[in-house]
Each structure stands twice: as structure tokens, then as C-alpha cells.
Amino acid sequence: MREPRGHLDLLLLAALADGPAHGYRVIELLRDRSGGAFDYPEGSVYPALHRLESRGLLRSGWSSASGRRRRTYELTRKGIAALGSEAQSWRHFAGAIDSVLAGIA
Amino acid sequence: VSSLDDYLEQLRRALPAGSRPDVLAEVEDHLRESSAVHGEEEALARFGPCGAAPHERWPQGPFPAGVASKQDAIMVLFLVAGTLAVAGAAAAARRRVRLALALLAGGQASLVLYAITYARNGGHRAPSSSSARTPREGPA
């Protein structure tokens, strides 16, 4: 499923809501939690993570794991607030769509 | 040269000037982890094309366009700092103390600017040349 670009930001913030993760893990989370529906080209995720970081919604740092240096991302306070706001907007929107579709068999 | 090395070289060429120099290190880490699980060919397919039509534009790094790597920035800043320091010393030798202090302060400011950009960039070097060998073909 190819999602509109704007939704990717919300999904990435949501994937990091449980705690810091590196890009590969974020991609796995999106794929697993969506039952395989959000199977993005993995190369599209990193520019989005960097963009969110440049907007101050994420911060990143390098750590060592299994002998490799790895960049890990986590939500900032601003990112947590943005996630709450965006999630609320999305639920409102989805609820409205559900209401309209309710009468369709 | 493996296809993963080729891919990284193509990505390096496709990145816009001024991109964060640690992008390639991050992508390389991802691809090596993915390759261990799926195999190299599948890992590259999953990552997607890196050339002419990226799904998202890679954001610019902390360096202005034309200063495409941290190494370049280091060189430029040290050049500026060194020039100012030498000029300051020369001015001091001629007893122009105020000018010397101003120039030395400029040199120090350059070094502070370097430290800030280095810290913002995660203190990470650009990927090693082991993944930047001559590609068999140009960017996709």
C-alpha cells in the first residue's frame, strides 16, 4: 500500500512512541503493526526521519551495537505533542469517514 | 566490489550537495543488517532506487551547499582560523594589539562554529572509502 506522504510523518512518530529505535527497527514496526500493509520502500523512510529531526520532532544519536555504529531516533517533547495532535486529527477524520460510510452495506 | 558497495556509491553521487555526511553510514548500517536477514539483492530491492527519482528528497545537512562534507567544512574553518591567527600574530608584532585581539577572536569563533556543526552532526565521520569505490555504472 502506498500511503500519501503526509501520513508517513504521523506513522513514523507513532512508531517511535514506545521508545527510541533505529531506522531498520522503525520500518519493521510499521510493517508488523500494519500487518504488512505499510511496506514502504525502505529508502523513503530515512529522508523522512531526517526531515522530522530537522523540524525538531525527533532527535537522533549514534550508538554502538554488535560492533557497528548505529543512529537511533527518539521523540522530542515537541514530537510527542505533534504526535498527540496529529493522531487526534486523524481519528477525527477517520471517524467522519466511517460515519459517512456507515450506511453502505 | 559488491553490489552493496556499488549501491552506496550511486547513492553518494545522487545525494544533493550539502547532504548530511553521515547519511551514507546510516544507509550502510541498514543495508548490512537487512542483507544479513534477506540477502544482499533483496535488501537492495527493499531499499528502493537511490538515483534520479528518490521518494523523498534528502534534507540538507548543517553545511551550506558547496561545502558537501564535514571534511570540507573542517578544512575551510581551520583555514580561516589559521589565517586569522597568523594575521593576528603579525598585527601583534607591530603592536597593533586591538586588531590582533579581534583577529584572534575571529579565529576562535571559527573553531567554535566548527565544534557546533560537528556536534549537530552527531560527531560522526563520513563513511569510509571502502564503500566509495569506482562504480560499474552511474546513478540509477
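Note that this is a predicted model, so its numbers are computed, not measured. (Residues numbered from 1 in each chain as written. Chains lettered and ligands numbered in written order. Predicted model: local features only at pLDDT ≥ 70, side-chain atom pairs only at ≥ 80, totals over all residues. Heavy atoms only, no water.)

(A) Expanded view of the pattern of salt bridges. Following the criterion strictly, the structure yields 19 salt bridges over all chains and no others. For Glu-74 of chain A, the salt bridge goes to Arg-59 of chain A, with nearest N and O atoms at 3.7 Å. A residue pair is termed long-range when its members are at least 10 positions apart, and Glu-74 of chain A in strand 3 (residues 68-75) and Arg-59 of chain A in strand 2 (residues 58-65) qualify at 15 residues. With its nearest N and O atoms 2.6 Å apart, the salt bridge here joins Glu-9 of chain B to Arg-12 of chain B. Pair noted here: Glu-9 of chain B and Arg-12 of chain B are both in helix 1 (residues 3-14), with a separation of three residues, about one helical turn. Classification of Glu-9 of chain B as buried rests on a relative accessible area of 1%. When salt bridges that share partners are traced, they join Arg-31, Asp-39 and Glu-42 of chain A together with Glu-42 and Arg-46 of chain B into one network. (Salt bridge = Lys/Arg side-chain N within 4 Å of Asp/Glu carboxyl O. Helix = DSSP H or I, 4+ residues; strand = E, 2+ residues; numbered from the N terminus. Buried < 20%, exposed > 50% of the residue type's maximum accessible area, 1.4 Å probe, protein only.)

(B) A look at the pairing of strand 3 of chain A. All names here are of chain A. Pairing geometry for strand 1 (residues 21-22) and strand 3, over two bridges, is antiparallel. Bridge pairing in strand 3 places His-22 opposite Thr-72. For strand 2 and strand 3, the ladder comprises eight bridges, and the chain directions are antiparallel. Bridging across to strand 3, Gly-61 finds its partner in Thr-72. Hairpin connection from strand 2 to strand 3: two residues lie between these consecutive antiparallel strands, with Ser-66 at a positive phi of about 55°. (Pairing = 2+ DSSP bridges.)

(C) Main features of helix 2 (residues 23-38) of chain B. Over its 16 residues, helix 2 of chain B extends 22 Å from the first C-alpha to the last, a length consistent with the 22 Å expected when each residue adds 1.5 Å. After helix 2 of chain B finishes, the residue Gly-39 of chain B shows a positive phi value of roughly 90°. (Expected span 1.5 Å × (residues − 1).)

(D) Inspection of the sheet that holds strand 1 of chain A at higher detail. One open sheet accounts for three strands, arranged 1-3-2 (chain A); its pairing is antiparallel. Edge positions in the sheet fall to strand 1 and strand 2 of chain A, since each has one partner strand and no second.

(E) View of the packing of helix 2 of chain B against helix 3 (residues 40-47) of chain B. Residues and elements named next belong to chain B. The contact between helix 2 and helix 3 brings their axes to 7 Å, and the two run at 130°. Taken together, helix 2 and helix 3 sit at an angle that is classed as oblique. The handedness of the crossing between helix 2 and helix 3 is right-handed. For the pair formed by helix 2 and helix 3, the contact residues are Val-27, His-30, Leu-31, Ser-34, Ser-35 and His-38 on the first element and Glu-40, Glu-42, Ala-43, Leu-44, Arg-46 and Phe-47 on the second. Of the residues belonging to the contact of helix 2 with helix 3, the class tally is five nonpolar, four polar and three charged. (Axes fitted to C-alpha atoms, helices over the stretch in contact; angles between N-to-C directions. Parallel < 35°, antiparallel > 145°, perpendicular 65-115°, else oblique. Left-handed = near helix turned anticlockwise from the far one by under 90°. Contact = heavy atoms within 4.5 Å. Nonpolar A, V, L, I, M, F, W, Y, C, P; charged D, E, K, R; others polar.)

It is worth stressing that arrangement in space is one thing and function is another; only the former is reported here.
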